[in-house]
Amino acid sequence: MRAFWVTILILTMVSCLKEGCAQSTTVLKEFSFSSPALPGQTLHGLIYSPKTKEQKMPLLIYIHGNDSKGSNLDLVRKKGLPKVLAAGTPLPMMIIAPQLPIDQDWSPAFIDLFLNYINSRYSIDQDRIYLTGVSVGGASAIDYTIANPDKIAAVICVSGWGNPHEVCKMKNVPAWFFHAIDDDRVSPVGSRVLTESL
């Protein structure tokens, strides 16, 4: 699985690598913030920020599946992309892994809370914002891209699904779908229908 995520990262970062970004030792830090949209609630996530001389950094947003929901960031840290980063894979882009509270879902508006927070604190290249997710996170990455095709430079959906009648709205966004044919938790039919619709 680690090799899979490294491959995903390499392919997602091609445009960044062409820019000659600097790499650094991988350090995942925790962040938290509050939003007027959710009074009284604090949102949490993990962030990786490379040392770079670029004035504007590319950004990759990783959206986890249902089993990492809650308030314990270790649930996010131990799987998927954060696990690869924690193992010491240096990457030439900023990466955030938001955590979904138990009482929320990955709506485009909710994902925007994190994106707006990062944009307010860091200099992000708005032409190089990438999105990836696994399971319900993958489905949410597709939903977000359908709703905001002009914001996303590329999307990778792992074991996800989406609305085949709406997916044409993201037809100009580079997209890659991965799904195990023997997946016994999420049917690969969802991914297949999306790719056929595109």
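First, a word on what this report is: a plain description of the structure on this page. (Residues numbered from 1 in each chain as written. Predicted model: local features only at pLDDT ≥ 70, side-chain atom pairs only at ≥ 80, totals over all residues. Heavy atoms only, no water.)

What follows deals with the overall build of the chain. If you tally the helices and strands in the chain, you get seven helices and seven strands. Listing the helices and strands of the chain from first to last along the sequence gives α-α-β-β-β-α-α-β-α-β-α-β-β-α. Counting every position in the chain, which comprises 198 residues, the buried fraction comes to 49%. Residue pairs at least 24 apart in sequence account for 67% of intrachain contacts in the chain once pairs closer than 6 positions are excluded. (Helix = DSSP H or I, 4+ residues; strand = E, 2+ residues; numbered from the N terminus. Buried < 20%, exposed > 50% of the residue type's maximum accessible area, 1.4 Å probe, protein only. Contact = heavy atoms within 4.5 Å.)

Our next topic: the side chain of Ser-191. Inspection of the secondary structure puts Ser-191 in helix H7 (residues 189-197). The buried category is assigned to Ser-191, whose relative accessible area is 5%.

Counted under the stated rule, the structure contains eight aromatic pairs. Centroid distance Phe-31 to Phe-33: 6.4 Å. Interplanar angle 10°. Geometry classified as stacked. Residues Trp-176 and Phe-178 carry aromatic rings whose centres are separated by 4.6 Å and whose planes lie at 50° to one another, so their mutual orientation is tilted. For Trp-176, a relative accessible area of 37% corresponds to the partly exposed category. (Phe/Tyr/Trp six-rings, centres within 6.5 Å; stacked < 30°, edge-to-face > 60°.)

Turning our attention to H7. Buried within H7 are the following residues: Gly-190, Ser-191 and Leu-194. Projected down its long axis, H7 shows its buried positions confined to an angular sector of 95°, all on one face. Contact partners of the buried residues in H7: helix H6 (136-147) and strand E7 (175-178). (Arc of directions from axis to C-beta.)

What follows is about the environment of Ile-181. With respect to the helices and strands, the residue Ile-181 is situated in the loop between E7 and H7. Separated by 22 residues in sequence, Ile-181 and Ser-159 have C-alpha atoms that sit 9.7 Å apart.

Counted at 1.5 Å a residue, the expected span for H6 with its twelve residues is 16 Å, and the 16 Å between its end C-alpha atoms agrees. H6 sits mainly inside the fold: ten of its twelve residues count as buried. When H6 is considered as a whole, its buried residues turn out to be Val-136, Gly-137, Gly-138, Ala-139, Ser-140, Ala-141, Ile-142, Tyr-144, Thr-145 and Ile-146. Turning to H6, the residues buried within the fold contact strand E3 (57-63), helix H5 (108-121), strand E5 (124-134), strand E6 (154-158), E7 and H7. (Expected span 1.5 Å × (residues − 1).)

When you tally the buried positions in E5, you get eight out of eleven residues, the bulk of the element. Pairing between E3 and E5: six bridges, direction parallel. Directly across from Ile-63, in E5, lies its bridge partner Gly-133. Summarising the sheet, E5 and E6 pair through five bridges and their orientation is parallel. Considered in E6, the bridge of Gly-133 is made with Cys-157. (Pairing = 2+ DSSP bridges.)

On their own, these measurements won't tell you what the molecule is for.
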